[in-house]
Amino acid sequence: MGRILMAIGALFFIIGAVWTALEQTGIGKFLGHLPGDIHMTNEGFSFHFPIVTCLIISIVLSIILNVVMHR
């Protein structure tokens, strides 16, 4: 169980480092703001659901995991 938790922590660290690097290059500002992402704002209420961003991340992770698992 300890190794699994350390692997998950390392994965979160890597994702955070990549996300920060993408923001530094200017690419990261588009994630969460793609066409098709839902954003509604009313008085005292704001709702944001980045559905297209989630789909793209899911596709990329599926491809990476399929390549890694089927070596």
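Now for a look at the structure at hand. (Residues numbered from 1 in each chain as written. Predicted model: local features only at pLDDT ≥ 70, side-chain atom pairs only at ≥ 80, totals over all residues. Heavy atoms only, no water.)

## Comments concerning the side chain of Thr-53
Link 1 in the chain: With respect to the helices, strands and loops of the structure, Thr-53 is situated in helix α2 (residues 51-69).
Link 2 in the chain: Beyond its immediate sequence surroundings of up to four residues, Thr-53 is in contact with Leu-31, Gly-32, His-33, Leu-34 and Asp-37. (Helix = DSSP H or I, 4+ residues; strand = E, 2+ residues; numbered from the N terminus. Contact = heavy atoms within 4.5 Å.)

## Looking at the pairing of strand β2 (residues 45-49)
Link 1 in the chain: Sheet analysis places strand β1 (residues 38-42) next to β2, joined by 5 bridges and oriented antiparallel. Bridge pairing links Thr-41 to Ser-46 in β2.
Link 2 in the chain: Between β1 and β2, which pair antiparallel in sequence order, lie 2 residues; one of them, Gly-44, sits at a positive phi of approximately 70°. (Pairing = 2+ DSSP bridges.)

## A look at the layout of surface pockets
Link 1 in the chain: The computed volume of the largest pocket comes to approximately 450 Å³.
Link 2 in the chain: Around the largest pocket sit 13 residues that line it, and Ile-15, Val-18, Trp-19, Ile-57 and Leu-61 are the ones nearest its centre.
Link 3 in the chain: Listed by contribution, the elements that provide at least two residues to the lining of the largest pocket are α1 (2-25) and α2.
Link 4 in the chain: Per-element accounting of the lining of the largest pocket gives the leading share, 6 residues, to α1.
Link 5 in the chain: For the lining of the largest pocket, the residue count by class is 13 nonpolar, no polar and no charged. (1 Å grid on protein atoms, 1.4 Å probe; cavity = no way out; pocket = protein on both sides within 12 Å on 5 of 7 lines; lining within 4 Å. Points joined across faces, edges and corners; volume = space filled by probe spheres on them. Nonpolar A, V, L, I, M, F, W, Y, C, P; charged D, E, K, R; others polar.)

## A short note on a nonpolar patch on the surface
Link 1 in the chain: Where nonpolar side chains cluster on the molecular surface, the patch consists of Trp-19, Ile-56, Ile-57, Val-60, Leu-61, Ile-64, Leu-65, Val-68 and Met-69 and spans about 830 Å² of accessible area.
Link 2 in the chain: For the nonpolar patch, the element with the highest residue contribution is α2, accounting for 8 residues.
Link 3 in the chain: Within the secondary structure, Leu-65 is located in helix α2. (Patch = residues over 30% accessible without salt bridge, like charges linked within 9 Å, V, L, I, M, F, W, Y side chains within 5 Å. Areas by Shrake-Rupley, 256 points an atom, 1.4 Å probe, with all protein chains shown as cover. Salt bridge = Lys/Arg side-chain N within 4 Å of Asp/Glu carboxyl O.)

So, to be careful, I would describe these as geometric facts and stop short of saying anything about function.
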